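Remarks on the overall topology
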Amino acid sequence: MSASFLRMAFLVSLGLCALGLLWRVSAWLRVRIGPDARDIPFHQRLLAAVRGTLATLVSRRTPGVLKAFVLDVFLQRRLFGGSRLRWLGHLLIVNGFLLLLVMHALARLVTAKLYPDYASTHDPWLFLRNVFGAVVVVGIVMVVAGRLRRPPSPPRPQRPMDRVFTALVAVVLLSGFLLEATKVASPKAFYRMANEYIGSTDPEELLPLRLAWATDFGVAFPDLQGAPDPDKLAEGRELHHDACASCHSPPGSSAFVSYPISRVLAPIAEPLDGIDADTWLMYLHLAACFLGLILLPFTRFIHVLADPVSLLANGAASAGPLSPVGRANRRALAIDACVDCRLCDDRCSVAPIARSLGNPALLPSHKLLATHAVATNPRWLDRQAGHARRIAEGAVLCTTCGRCTDRCPVGIDLADLWVAGRADLARAGQPSPAQWVRERSALDWDEALAVQTAAQNPVGPLSSRRETYSACVQCQTCTNVCPVVAHGGEEPGGMDLTPQKVMNLLRLGMIDLAIGSGMVWDCATCYQCQEHCPEGIRVTDVMLELRELGYRRLGDTRERRQRE
Amino acid sequence: MKYALFLGCKIPASVPAYELSTRAVLGRLGVTLVDLPFNCCGYPVRSLDREAFVFAAARNLALAGAAGLDVLTPCKCCFGNLRHAQRFLDEDPALRQRVETALAAERLALPAGVTVEHLLPVLARKVGLAAIAAAVTAPRTGLRVVAHYGCHALRPSDVTRFDHPLAPTIFEDLVRVTGATPVEWPRRLDCCGEPVHDANPSLSDRLTQAKVDDARESGAEVLATACPYCQMRFTEFQAAGSAAPLPVLLYPQLLGQALGLAPRTLGLS
Amino acid sequence: MTQTQPKTWDVAVVGAGMAGMAASLFAAERGLSCLQIGNGGGLLFASGLLDLLAVHPVAGRRLWDNPFEALAMLRRDQPDHPLARVDDATMRAAFQSFTTALGAAGMPYAPPGDRNANVLTSLGTAKPTYGVPRTMSAGVGALAGRPPCLLLDFRGLREFSARQIVATIGDRWPGLRMARVEFPGAETTAELYAAHMAVALESGDFRERTIARVRPLLGDAHAVGFPAVLGLARSGAVHAAFEEALGVPVFEIPTMPTSVPGLRLNSALEQAVVTRGVHRMLRANVTSAAFDGTAVLTLDGVPGGETVSARTVVLATGRFTGRGLTAGQQRVTESLLGLPVQQPASRAAWHSRDFLDPAGHAVNRAGLATDDEFRPLESDGRPAWPGLFAVGSILAGQDWMREKCGAGLALGTARLAVDRIARQLGVPGPLAEAG
Ligand SMILES: Cc1cc2nc3c(=O)[nH]c(=O)nc-3n(C[C@H](O)[C@H](O)[C@H](O)COP(=O)(O)OP(=O)(O)OC[C@H]3O[C@@H](n4cnc5c(N)ncnc54)[C@H](O)[C@@H]3O)c2cc1C
Ligand code: SF4
Ligand code: SF4
Ligand code: SF4
Ligand code: SF4
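Note that residues are indexed from 1 along each chain, following the sequence as it is written. Lettering for chains starts from A, numbering for ligands starts from 1, and both go in the order in which the items are written. At least 70 in pLDDT is required for a residue's local features to be given in this predicted model, at least 80 for side-chain atom pairs to be given and counted, and no such filter applies to totals for whole chains, interfaces and linings, which use all residues. Note: side-chain values were computed over all heavy atoms of the structure, leaving out hydrogens and water.

Okay, the overall build of chain B next. Only runs of H or I of at least four residues qualify as helices and only runs of E of at least two qualify as strands under DSSP, and these elements are numbered from the N terminus. Across its full length, chain B holds 12 helices and eight strands. Each radius of gyration is computed over the set of C-alpha atoms, and the globule rule expresses the reference value as 2.2 Å times the number of residues to the power 0.38. Here chain B has a C-alpha radius of gyration of 18 Å; the compact-globule value for 269 residues is 18 Å, and the two agree. Burial analysis of chain B (269 residues in total) assigns 64% to the buried set. Accessible surface, chain B as shown: approximately 8,900 Å² in total, 53% of it carbon and sulfur. For the exposure calls, accessible area comes from a 1.4 Å probe over protein chains only, and a residue counts as buried if that area is under 20% of its type's maximum, exposed if over 50%, partly exposed in between. Every accessible area reported is derived by Shrake-Rupley at a probe size of 1.4 Å, with residue values counting cover from the shown protein chains alone.

And the structure:
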């Protein structure tokens, strides 16, 4: 492959990557999450971003922000607090990759300039490349182990691009090691180099050198079997010292990853040579690198850029509340900043509820995706056939306790996102149950239920048992002490039912009429009725149970209607 | 005296002064608090899925049980809800069985005999009014205080066993011990309006308005609460209005002042 | 409820009807440590009017103006009637402390005297009774003198119709007028509930708006009657404010149960016992009892179950609706302890053939036979346990509904029993007696 083609390919990839980045980064100013973000024009957001960044960088807070930056970006303080294993793993991956990139991929631009005698096959470079590669692999193992070790949290749907990219990274690493290993074992590579530096490809002539390389470097010459002649070997080693040693270190100890692989490959070194394996591996390695570069902006690895920005914003917010525009920017950035570490899920207050309901949509890492999707794609929720309600549960049941925010290693203000996201969900047709129930009157719901389903027996442990309400003497005490009846009547069309009437409907077996009533859903759960009932009827507990029934039954009906 | 402190979700995020002042006051009165990795008490899911609510609550009880501690919570909704979960577990063996199985998957078990307490009864009955009175160094003499009881601690009384549901005295007793004067007000046992805030904001406003008006009409200078939700409701509602707000104090802030604690340690600026 | 509990109570009161509440109240006033168990709420059905004794004998439906004369007659005619065992001084003391306690708890009563009073009911009839809440007492004079009066009702309050009252009694009360007003703020509301109006009227704003609507209607009225909605926890103050603003006596007319006065009575009694230091366990029932040196009661409704012990026990569990007595296939039994019940020989004799028989039905006089101290008797005629007392409607030989003596029965028997308990426990008598 010609060097100019390589350079071209590299530049093109780099250009595409830059364009992609620009597009992705501009999304931080384009995406609108939350009702307060809806009317802010692009230029205002850009202005706020620039101003915010400058203000944070050039202010009395600068030392603080810098400190946070160092602690959070470079040392990953929050991840450290979350999981030591994953913190270390992450550190290893990031730094291993970074060093590989600088020292190896950009060797000509960086390493060779700093060290004029740079040669990729000579120590320390050979050794270091193996070290860095191994560091990345060890890091990956640690991160995976870290994930396996903590209580299993349900898998989050991955963006397809992330899968592709993960595969590409694997290809880069694997092909890198394999390439090195094949080259080590490859007689063909030996002859090519011999031709270049010694000017000979004659096996006999090169025998001493070949013996030296077979012994010290593990080149798999098929004709050199058994113990070498010591004199010839010494001669070869001398030759090696003069011609090759300046560029090649013996891999046995330096290439501690690829050398063992090359030993494994040795028996098939010749057939590999036959198909030009090293060349293909090189193409593969480079192609994967370039493709990765192009895709990079569209993968989760955008977080490498987004995280520092997010942490900056976090630093700024800790000094005082952000402006609405600043908050809008911060929300838009969140999806890119997220590294899918799931630390938020671990400490989410409602994680046990998510487990009990079997609904991972409650977990913040899942909710982050849904919140973004709902805000950016008006049709997205509709396409989640049968799951829209479960997704909405995530918003309804979140307590906005902010524990996820505290935990997020990249400083995303998740709790703020949840509040903003609720309004977007409502706009997309999934407000809280107490709100959507109001779309119809109790009578309408009852009719809809009657049309669509046969009357169902209540399944709640209280409402299904006659003893719960059979003692009701319709004395009206519950209604008389109910603050919702007292104050609900002040609205035109006020109360549709009263607690006493709800109890009566239960007695009459007309539960479907009760579950969509304003009374049931407006109930303040103040327990005045239950406390006062002279017959000891658990009026409030029944109200809450009717809501549960209503949520299920009316929710089904509503979904069916929405689909039609 | 030692309790596992159950803060719930609202206090750390929205009413941090409640945590500060509770810790300060209990610290001064010799009550030790232990922090455990609790989760949500289950209240938000109470009206959507009873079993999930009971499980969430039970998990907290299990954590306290594993630590061998009773639970103290300053939140009346968490308090009521955890006690409700205990009731449901007691009266529904099948549910109990399912919850136990789910807990076992996390190597947790339903404890026997973990008591869930609210801050006020712990102060009034465990620490004791006399002990508090002895610790008061800066009595709030002359301050006229209405005490807001809060529904979920008081009722249903057979579940919460907080105080007499129609004629409670505990909060007034605790106000009196700070040297302040508890003021009678007809609506002291009524709902603050918070639980319907999402479902029906205008109804919620009317409920809160009635309480605040009543407190004023009764001649109060301060409205005392002992629940983050009530506290938020009264402050946020009044902040949105035009009238000068009636000051709303969390009980441990009031008590902390009487104990001579620095305002900063009580979350008072 | 903030007291620490002593290990063994002086008195355990079982039941929270009027008799149980009275027993607890009196015991606490005596300085006895008292635990009271039982669901409240039954009192919500009461009207707040306290009957002492208005009818005797039931068969002749003879109405008495002076309840103490009726009592004297009762003692002569039916010495086994529980009220026959209560002397006048005890009865007066009982009403005195009971109404004083209610007054302190926000439900003031007109001072009880020697006479029964006639109170106008929501049906337009007159009901003879003894203890009248202050908010209703002006109506007694109005009904007696029948000067020009105005009766008001509110649109939407279905349980009370001034028109109905005027229709019933108007021809005998020519100056009686009625008017209907809109309740302020409820102009668009179809249905009103008495308690909500009562609470609203505790706010000065609602009160003034209501008064402004009533004032133009006054005319020549010497007094104004309202449905019983003038305040809940502060009825005394609300009533006074109406009188002051309107310049004429104002009286409430009790509405059909469950009524605002029922809610007031219920809360006021609970508050009265609690502020006097009674340890009150609501929503709990006694399921069994064992008697030895002390009584040990087992409770349900308490997490994990619980037992309590007491030196004496007051059984105030009422009759059939109160669950103190159970009507079986053949026999009436006492529900908690299986005490012998004095009753007709067979089920056939429970009810008179005529459902409306003025003499009532024999089963309504079934109950526990006791000695003069209200200690229930075993079949051998000896007290079941020296420290066990029974009070209120569970007692045999009375028909409180027809005799119109419900409160008299509850308060009188409770007072006497508590006096005896105090004596048994060696506690000095109340100040009134001592002085
Ligand atoms: C509908 C109604 C109308 C009334 N109207 C009038 C009136 O006009 N004038 C008047 O003077 N009085 C009136 N009263 C009150 C009347 O005085 C009393 O109801 C009557 O004397 C009977 O009272 P009691 O306390 O003996 O029994 P109840 O009122 O029957 O009370 C019995 C109590 O015992 C409790 N109990 C039973 N078993 C147990 C157990 N095992 N453990 C714990 N608790 C138990 C019950 O829950 C109940 O609280 C009225 C009452 C009612 C219910
Ligand atoms: S704010 Fe919501 S998502 Fe975040 S931890 Fe709390 S409950 Fe979970
Ligand atoms: S939101 Fe933050 S804590 Fe949650 S997965 Fe993403 S990076 Fe991790
Ligand atoms: S208070 Fe109880 S008995 Fe009376 S109507 Fe309500 S539920 Fe029925
Ligand atoms: S719990 Fe609900 S129904 Fe009952 S009194 Fe309160 S608001 Fe009314």
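Moving on, we get to a negative patch on the surface. Residues and elements named next belong to chain A. Patch definition: residues above 30% relative accessible area lacking any salt bridge, with like charges linked at up to 9 Å and the nonpolar side chains Val, Leu, Ile, Met, Phe, Trp and Tyr linked at up to 5 Å. For salt bridges, the criterion is a side-chain nitrogen of Lys or Arg within 4 Å of an Asp or Glu carboxyl oxygen. Note that His is not counted, nor are the chain ends; the positive residues are Lys and Arg, and the negative ones are Asp and Glu. Working definition for charges: the position is that of NZ of Lys, CZ of Arg, CG of Asp or CD of Glu. Taken together, the side chains of D229, D231, E235, E238 and D242 define an acidic patch exposed on the protein surface. In this structure, D229 sits in the loop between α10 (207–216) and α11 (230–243). The exposure class of D229 is partly exposed, given its relative accessible area of 37%.

Bringing the interface of chain C and chain A into the picture now. Tallying the contact residues gives 15 residues for chain C and 23 residues for chain A. For the chain C and chain A pair, buried surface summed over both sides reaches about 1,400 Å², with 49% attributable to carbon and sulfur atoms. By buried area we mean the combined loss of accessible area, with a 1.4 Å probe, across both parts when two parts are placed together. A per-residue breakdown of the area chain C buries against chain A is headed by Y193, H196 and R283 of chain C, which together make up 39% of the total. At the junction of chain C and chain A, the tally comes to one salt bridge. Residue contacts follow a heavy-atom distance rule, with two residues in contact if any of their heavy atoms lie within 4.5 Å.

Before going further, it helps to spend a moment on the interface of chain B and chain A. Contacts between the two partners involve 48 residues from chain B, matched on the other side by 44 residues from chain A. Counting each side, the surface lost to burial between chain B and chain A is near 3,700 Å², with a carbon and sulfur contribution of 56%. Here chain B and chain A share four salt bridges between them. Two residues, D49 of chain B and R552 of chain A, come together in a salt bridge whose shortest N-O distance is 3.1 Å. In protein, a polar contact requires one atom able to donate a hydrogen and another able to accept it; more generally it is a pair of N or O atoms within 3.5 Å, and residues adjacent in sequence count only if both atoms are side-chain atoms. Across the chain B-chain A interface, the total number found is 19 residue pairs in polar contact (both at pLDDT 80 or more).

Attention now goes to the sheet that holds strand β6 (residues 181–182) of chain B. Residues and elements named next belong to chain B. Strands are treated as partners if at least two bridges between them are detected by DSSP. Taken together, the four strands give an open sheet; going across it, the order is β6-β5-β7-β8, and neighbouring strands pair in parallel fashion. Edge positions in the sheet fall to β6 and β8 (248–250), since each has one partner strand and no second. Sheet topology places strand β5 (residues 144–147) next to strand β7 (residues 222–225); three bridges connect them, and they run parallel. If you follow V145 over to β7, its bridge partner there is V222.

As a further point, take the sheet that holds strand β8 (residues 250–253) of chain C. All names here are of chain C. A sheet is described by the order of its strands in space; here four strands give the open sequence β6-β5-β7-β8, paired in parallel fashion. Of all strands in the sheet, those with a lone pairing partner are β6 (176–181) and β8, marking the two edges. Neighbouring strand axes in the sheet, compared pairwise and without regard to direction, differ in orientation by 25° on average. In this sheet, β6 lies alongside strand β5 (residues 149–154) in parallel orientation, the contact comprising six bridges. Paired with F154 across the strands is V181, a residue of β6. Comment: axis = line fitted to C-alpha atoms, over the contacting stretch for helices; angle = value between 0 and 180 degrees taken between N-to-C directions. Along the sheet face, helix α4 (residues 134–145) touches β5 and β8 and points at about 100° away from the line of β8.

What follows is about the domain arrangement of chain C. Residues and elements named next belong to chain C. Annotation of chain C at the domain level lists domain 1 (8–105 + 264–433) and domain 2 (122–253). The C-alpha-based centres of domain 1 and domain 2 are spaced at 34 Å. With 13 residues of domain 1 at the interface, the matching set in domain 2 holds 16 residues. Summing the contributions of domain 1 and of domain 2, the shared interface buries around 1,100 Å²; its carbon and sulfur component is 59%. At the boundary of domain 1 and domain 2, one finds two salt bridges. A salt bridge links K127 to D51, with the shortest nitrogen-to-oxygen separation between them at 3.0 Å. Summed over the shared surface of domain 1 and domain 2, the result is eight residue pairs in polar contact (both at pLDDT 80 or more). Polarity classes work like this: nonpolar for Ala, Val, Leu, Ile, Met, Phe, Trp, Tyr, Cys and Pro, charged for Asp, Glu, Lys and Arg, and polar for all others, with Gly in that last group. Tallied by class, residues from the side of domain 1 that touches domain 2 come to eight nonpolar, two polar and three charged. Where a domain begins and ends is set by an automatic assignment or by a domain database.

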